[in-house]
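Structural description and commentary
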Amino acid sequence: MAEDVAIIGIGMHPFGRHDNTGMEQGAYAAREALKDAGCDWSDVNYAFGGSSAAGNADTMVSALGLTGLPFINVANGCATGGSALISAYNAINAGAADVCMAIGFDKHPKGAFDPDPADFGLGKWYGDTGLMLTTQFFGMKIQRYMDQYGISASTLAKVAVKNFHNGSLNENAWRRKPMTEDEVLNALMLSNPLTQYMFCSPGEGGVALILARGDIAKKFQKKPVYLRSAVLRSRPFGSFEVFNSWLSPDRGNSPSVGAAAAAFKMAGMGPSEMDIAQVQDTESGAEIMHMAECGFCEDGEQEDLIQSGATNLDGRLPINTDGGCLANGEPVGASGLRQVYESALQLREDAGAHQVPKPIKTAFTHVYGAPGISACTVLSR
Amino acid sequence: MTTQIPVAEELFTWPSDSPQLIGTRYPDSGVTTFPQSTSCPKTAAQNGERVLLPRVGKLWSWTIQGFLPKSPPYAGKETPKTFKPYGVGYIQLADEVIVESRLTTAEASELKIGMDMELVIIPFTTDDDGNDIVTFAFAPVKK
């Protein structure tokens, strides 16, 4: 069953800062994906999509064509794109559609996000007193992790250096200038131990994927990529998330642990069988912790893995091969789909300058966001 | 004479010589939330009881807010020029609950996971009448 959904078309509007609207970036990505799939908009019989700050995705039908297709808007924070993909995957598996589009796009103002405490079930005091910042959470989660598992500041910096290097090779990335470890470490300290260049920034961009029933995929695309699983989880009791005014001393797992385990189980494959991985790198520490949460290593092993280059493009397990969120920025609605776009590009050996040198057959993606949601996929050729 | 006004009611006991944070404890699960809540996140029970939390605890993790937060939601009146970084941390209060709080120090060299911390009440902004608005914070325990 799980091999019956294929990605037949991928399209992306470059990430970064642009003059056009988020919606236009989404429509651009949709046209690119249709072109890549060799199909017409009228062939698509279901669509799911969303943005967090750039409007209702279904408005896009006036740009793509008023074919009357069912188009469902998805709003699920940082997992908006992942949720659109899971919805499309389920629609095909359920027999409700044979060609589906999943789309995400966004356009955020500059600077850190400034959410309203009430949207997260918190009192106004929480924002008043200066606690309503995602950056603080990321600083505190990795601070404790470094203390517990012996991760060094140099390793934090090396993650950023790697992702900016990968971004420099990716024409769709936003940040294309490589940086040295010293430049990253000596940059402005935003939220100790994380410096300015260890954080991604809210940005702009759009990604669209055309999915189809596996048995008809090759009618459209000679190199289809198969979606072996697509899973979303919200947080279990005891997880540590953004905007928690308290935590239980009875500690539990992150939602990423459950999402990744379920994605591997559904795909019938394990982490050791993945050739590449895209994991949420909202900041460098997140990539390090997510490596363990997703099952790619034990807690603490990241120090040696990253210092030895195992996660570089030419390493044993290349991670964030397109530069991740650090080099691409984070247009919330599009971010999770960017990871799947990149995986498909790599599996098709179409990534050009940032193609991993080893032959690959499998890929994993992981997105994570507020208020404790994670979406994972396993893909293969 | 200015008065000190708490940023929110029922966050901490005030005025008080030895203020305490106020939480909700759920007897069935043993879960304590801060601030107060109406249902247990573990069991969904709705029989929580108002409880005063320990005044001292241990630093569980920390960071330093290095840039001026956006207003809103931040109610501090600093400008980018007058802003001074502030510490933020999680403090474990016995085995009961780990609370998030501002810290009285923003010096990385003064903060270490596991160190003893105690609750204090600090002014962090003023209202239109010039009254201090106060909130809770944790300070390193002086040896």
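Before reading on, note that the structure itself is shown above.
Residues numbered from 1 in each chain as written. Chains lettered and ligands numbered in written order. Predicted model: local features only at pLDDT ≥ 70, side-chain atom pairs only at ≥ 80, totals over all residues. Heavy atoms only, no water.

This structure, assessed with the given rule, holds 19 aromatic pairs over all chains. With centroids separated by 5.4 Å and ring planes inclined at 75 degrees, the aromatic side chains of Phe240(A) and Trp60(B) adopt a geometry described as edge-to-face. Here Phe240(A) is found in the loop between strand S8 (225-234) and strand S9 (246-247), whereas its partner Trp60(B) is found in strand S5 (residues 56-65) on a different chain. Assigned by exposure class, Phe240(A) and Trp60(B) land together as buried. Ring centres of Phe12(B) and Phe136(B) lie 6.3 Å apart, and the angle between their planes is 65 degrees; this geometry places the pair in the edge-to-face category. With a gap of 124 residues between them, Phe12(B) in the loop between strand S1 (4-6) and strand S2 (22-25) and Phe136(B) in strand S9 (residues 132-140) connect regions that are remote in the sequence. Its relative accessible area of 5% is what places Phe12(B) among the buried residues. (Phe/Tyr/Trp six-rings, centres within 6.5 Å; stacked < 30°, edge-to-face > 60°. Helix = DSSP H or I, 4+ residues; strand = E, 2+ residues; numbered from the N terminus. Buried < 20%, exposed > 50% of the residue type's maximum accessible area, 1.4 Å probe, protein only.)

Left-over empty space is what a probe sized like a water molecule reveals as it rolls over the atoms. Residue and element names in this part refer to chain A. Counted according to the given criterion, the structure contains two cavities of 30 Å³ or more. Considering only enclosed or pocket space, the largest cavity measures out at about 50 Å³ in volume. Along its surface, the largest cavity is lined by Gly82, Leu85, Ile86, Gly336, Leu337, Gln339, Val340, Thr365, Val367, Ala375, Cys376 and Thr377. In terms of residue count, the dominant contributor to the lining of the largest cavity is helix H13 (residues 332-347) (four residues). Residue composition of the lining of the largest cavity, by class: seven nonpolar, five polar and no charged. (1 Å grid on protein atoms, 1.4 Å probe; cavity = no way out; pocket = protein on both sides within 12 Å on 5 of 7 lines; lining within 4 Å. Points joined across faces, edges and corners; volume = space filled by probe spheres on them. Nonpolar A, V, L, I, M, F, W, Y, C, P; charged D, E, K, R; others polar.)

Without other data, these values stay purely geometric and don't point to any function.
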